Amino acid sequence: MKVIFPIKLALSCIFFSGMMVTGCVAQISDTQSELDKRVEKFLTEKKQTWHDLNVPYKDGRVLHDLIVDNNYQSALEIGTSTGHSTVWIAWALSKTGGKLITIEIDENRQRQAIENLKTLGLADFVDFRLGDAHQLVKEVEGPFDFVFSDADKDWYIQYFKDVDPKLKTGGTFTAHNVLQSISGIKEYMDFVNSHVGYETTVDRSSNSGIAISRKK
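Here goes a summary of the coordinates provided. (Residues numbered from 1 in each chain as written. Predicted model: local features only at pLDDT ≥ 70, side-chain atom pairs only at ≥ 80, totals over all residues. Heavy atoms only, no water.)

With that out of the way, let us pick up the pattern of salt bridges. The tally for this structure, following the rule as stated, stands at eight salt bridges. Measuring nitrogen to oxygen at the nearest pair gives 3.3 Å for the salt bridge that ties aspartate 162 to lysine 138. Of this pair, aspartate 162 sits in helix H7 (residues 156-163) while lysine 138 is found in helix H6 (residues 133-139), placing the two residues 24 residues apart along the sequence. Residue classification places aspartate 162 among the buried residues on the basis of a relative accessible area of 13%. In this structure, the salt-bridge partner of lysine 153 is aspartate 150, at a minimum N-O distance of 2.9 Å. Looking at lysine 153, the relative accessible area reads 13%, which means it is buried. Under the relative-accessibility criterion, aspartate 150 is labelled buried at 11%. (Salt bridge = Lys/Arg side-chain N within 4 Å of Asp/Glu carboxyl O. Helix = DSSP H or I, 4+ residues; strand = E, 2+ residues; numbered from the N terminus. Buried < 20%, exposed > 50% of the residue type's maximum accessible area, 1.4 Å probe, protein only.)

Taken across its five residues, strand E1 (residues 74-78) has five buried, putting it largely inside the fold. The alternating pattern of E1 places Ser74, Leu76 and Ile78 on one face and Ala75 and Glu77 on the opposite face, and all of these are buried. Bridging between E1 and strand E2 (residues 99-104) involves five bridges; their strand directions are parallel. Note on E2: the bridge partner recorded for isoleucine 78 is isoleucine 103. After leaving E1, the chain enters helix H4 (residues 84-96) and then returns to the sheet as E2, a path that is right-handed. (Pairing = 2+ DSSP bridges. Right-handed = clockwise from strand over helix to strand, strands pointing away.)

Before going further, it helps to examine the side chain of threonine 82. Inspection of the secondary structure puts threonine 82 in the loop between E1 and H4. Among the polar contacts made by the side chain of threonine 82, one reaches the side chain of asparagine 54 at a distance of 2.7 Å. (Polar contact = N/O pair within 3.5 Å; in protein donor to acceptor, adjacent residues only side chain to side chain.)

Of all hydrophobic cores here, the largest spans 31 residues; its most connected members are Val39, Val87, Ile89, Leu122 and Phe146. Elements that contribute at least two residues to this core include exactly helix H2 (19-45), helix H3 (57-70), H4, helix H5 (107-120), strand E3 (126-130), strand E4 (144-149) and strand E7 (210-215). Residue contributions to this core peak at seven residues, all from H4. Setting aside residues no more than four positions away along its own chain, valine 39 makes contact with Val87, Trp91, Leu120 and Leu122. Counting 23 residues, the second-largest nonpolar core is a separate cluster that includes Ile101, Tyr156, Phe160 and Ile185. (Core = buried A, V, L, I, M, F, W, Y, C linked by side-chain atoms within 4.5 Å. Contact = heavy atoms within 4.5 Å.)

As structure tokens, then:
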């Protein structure tokens, strides 16, 4: 697993040389290790307590691993809720040196998500946007190499269309709840499965399911 350490601390190392560099790199490694322990403890303790449209623990792990394994660094999340998936994504980006833009329409849910990320020390990796994703997704600037869609399912196809020009080749558009009988899901799956510019698989780690569409 390739790890790129936190940017702020890494920049401070530029001014050192020789043995000082070795010590600074060790400090960065220790900082990431401390962050990892803190996040793992938080996610384990909160594993059964997430509500308000949050993803299951297993799906959070899938998102994290997709980002780390592919060294993705520019992510977009459509539907923050109170931040369970946001924690997983931001944690992954802390390892790749990336940044997340996450969109939420409900101010109370977003406030709780921000508190969660601040408590964990992950807030610096996240740009929180409050508003209607129907409009904000059109306006947000890319490019992105990873997208997670978990808002209104009837709008999944439109989110995909709006993001497609901003998604890098080799990037991934993921969509949640694709194994469930929810309005808009069948239409979305028919759409992505027939899209010649993407290769789509479905992760079945949970009963919710995640469609993983890789841009060719």
